[in-house]
Amino acid sequence: MAEDGRACYVYGVVTDDRSDESVKDLPAVGDPEAPVTLVRHRGQAAVVSEVPIGKPLGTPEDLRTHARVLDSLAEQGPPVLPFRFGTVVRDTAAVTDELLAEGHDDFARGLDRLRGRSQLTVRARYEQDAVLREVVTEQPEARRLREELRMLPEEEGYEQRIQLGRLVMDTIDAKRSVDALELDRRLGPYALASVSQEAASSEGLVNASFLVEDAKRQAFEEAAEELAEHWHGRVRMRLLGPLAPYDFVADALLEGEEGDE
């Protein structure tokens, strides 16, 4: 049970075949000195550590630590159901009597579906100079506006700059749609499911996550490497994983889905 003034932070749920050693040296959210431990119940185990009550959570380091614990567990092999950042319960008794007892069947279904699978995430960004060269090469109107602006004094050409900026943005948006489809076409066949998020910046192409079976991970990674080589000098690709299945845990917990026929 957590001490007075402290509560249990919950990272996620794993199968009970995890050893205590598997979490022994992992960092902890909110208190770097707190050990990460397993609270076991009926074939499952919650991954927890103690946090001080009243201390706000949510620093960048807290977020990184939460992910580090879960991704370390995912890398070890057995399935893990990641919880949302900031999940805190009263004490270890609440972990067993409420969390694990009440969620047992849902957790069992999710863990079974995610066994032998992990998340691989691709973050792709354009090389800005390269994609701008493409726009100018492909769009005669962009070339015309650029030449026109070169001939004008700096204090003039406001309308032309607006037109050029819109044309560039629209052209890159169209490229982004085509390239995101290309990424999914090349990598999707090696995955069971995928989720894509729109880029958060003008240079971003896409952030795409894939649920990949362990047996197909090497083929997926090779396909990603081939695509990165194909786009070399145009797109920067970063492959992250194996990660905890953050983007697929909700579907894994749903009743009536895969494996429930």
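Here, every reference points to the structure presented above.
Bear in mind the structure is a predicted one, so any value in this text is a computation, not a measurement.

Basis of the calculations
Counting from 1, residues in each chain are numbered in the order their sequence is written. Under the rules for a predicted model, residues below a pLDDT of 70 receive no local features and side-chain atom pairs below 80 are neither given nor counted, while totals for whole chains, interfaces and linings still include all residues. Only hydrogens and water are set aside when side-chain values are computed; all heavy atoms of the structure are taken into account. Residues belong to one nonpolar core when they are buried, are Ala, Val, Leu, Ile, Met, Phe, Trp, Tyr or Cys, and are joined through side-chain atoms within 4.5 Å. Note on exposure labels: buried denotes an accessible area under 20% of the residue type's maximum, exposed denotes more than 50%, and partly exposed covers the range between, all computed with a 1.4 Å probe on protein chains only. Helix and strand assignments follow DSSP, with helices taken as H or I runs no shorter than four residues and strands as E runs no shorter than two, numbered in order from the N terminus. Contacts are assigned to residue pairs that have any heavy atoms within 4.5 Å of one another. A pair of strands is treated as paired once DSSP finds two or more bridges between them. Working convention: axes come from line fits to C-alpha atoms, limited for helices to the stretch in contact. Angles between N-to-C directions cover 0 to 180 degrees. Pairs of N or O atoms within 3.5 Å make up the polar contacts considered here, provided that, within protein, one atom can donate a hydrogen while the other can accept it, and that residues adjacent in sequence are counted only when both atoms are side-chain atoms. Throughout, the term roughly parallel applies to angles under 35 degrees, roughly antiparallel to angles over 145, roughly perpendicular to angles from 65 to 115, and oblique to all others. For this classification, Asp, Glu, Lys and Arg are treated as charged, while Ala, Val, Leu, Ile, Met, Phe, Trp, Tyr, Cys and Pro are nonpolar and the rest, including Gly, are polar. Stacked, tilted and edge-to-face are the three classes assigned to paired rings of Phe, Tyr and Trp, where Trp is represented by its six-membered ring and a pair needs centres within 6.5 Å; plane angles under 30 degrees give stacked, over 60 edge-to-face, the rest tilted.

A.B. asks: Run through the nonpolar core, naming residues and quoting values.
C.D. replies: Grouped together as the largest cluster of nonpolar side chains are 27 residues, with contacts concentrated most on L183, L187, L205, F210 and F220. Contributing elements (two or more residues each) for this core: strand 6 (117–126), helix 3 (128–138), helix 4 (140–151), helix 5 (158–187), strand 8 (204–213) and helix 6 (217–230). It is helix 5 that provides the largest number of residues to this core, a total of six residues. Those residues in contact with F220 that sit more than four places away from it in its chain are L120, V122, L187, Y190, F210, V212 and L239.

A.B. asks: Tell me about the sheet that holds strand 6, residues and numbers included.
C.D. replies: Within the open sheet, the four strands sit side by side as 7-8-6-9. Their pairing is antiparallel. Each having just a single partner strand, strand 7 (193–198) and strand 9 (235–243) make up the two edges of the open sheet. Averaged over all pairs of adjacent strands, the angle between strand axes in this sheet comes to 15°, irrespective of strand direction. Note that strand 6 and strand 8 share nine bridges and pair antiparallel. Considered in strand 8, the bridge of R117 is made with E213.

A.B. asks: So, helix 3: which residues are in play, and what are the values?
C.D. replies: A130, V131, E134, V135 and V136 are the residues of helix 3 that are buried. Against the buried residues of helix 3 lie strand 6, helix 4 and helix 5.

A.B. asks: Just give me the short version of the side chain of T65, but keep the residues and values in it.
C.D. replies: Inspection of the secondary structure puts T65 in helix 1 (residues 60–76). The class for T65 is buried, based on a relative accessible area of 4%. At 2.8 Å, the side chain of T65 forms a polar contact with the backbone oxygen of E61.

A.B. asks: Pulling in residues and values, what's your account of the packing of helix 3 against helix 5?
C.D. replies: Running from N to C, helix 3 and helix 5 point in directions that differ by 105°, and their axes come no closer than 10 Å. With respect to helix 5, the axis of helix 3 lies roughly perpendicular. For the pair helix 3 and helix 5, the contacting residues are V131, L132, E134, V135 and E138 in the first and V168, T171, I172 and K175 in the second. Considered class by class, the residues forming the contact of helix 3 with helix 5 number five nonpolar, one polar and three charged.

A.B. asks: Tell me about the packing of aromatic side chains, and name the residues and values.
C.D. replies: Following the criterion strictly, the structure yields four aromatic pairs and no others. Ring geometry for Y9 versus Y11: centroids 4.8 Å apart, planes at 65°, classification edge-to-face. Aromatic side chains Y9 and F85 sit 6.2 Å apart centroid to centroid with 55° between the ring planes, which places their arrangement in the tilted category. Placement of the pair is Y9 in strand 1 (residues 6–15) and F85 in the loop between strand 4 (80–82) and strand 5 (88–89), with a sequence separation of 76 residues. Members of the aromatic cluster, joined through ring pairs, are Y9, Y11 and F85.

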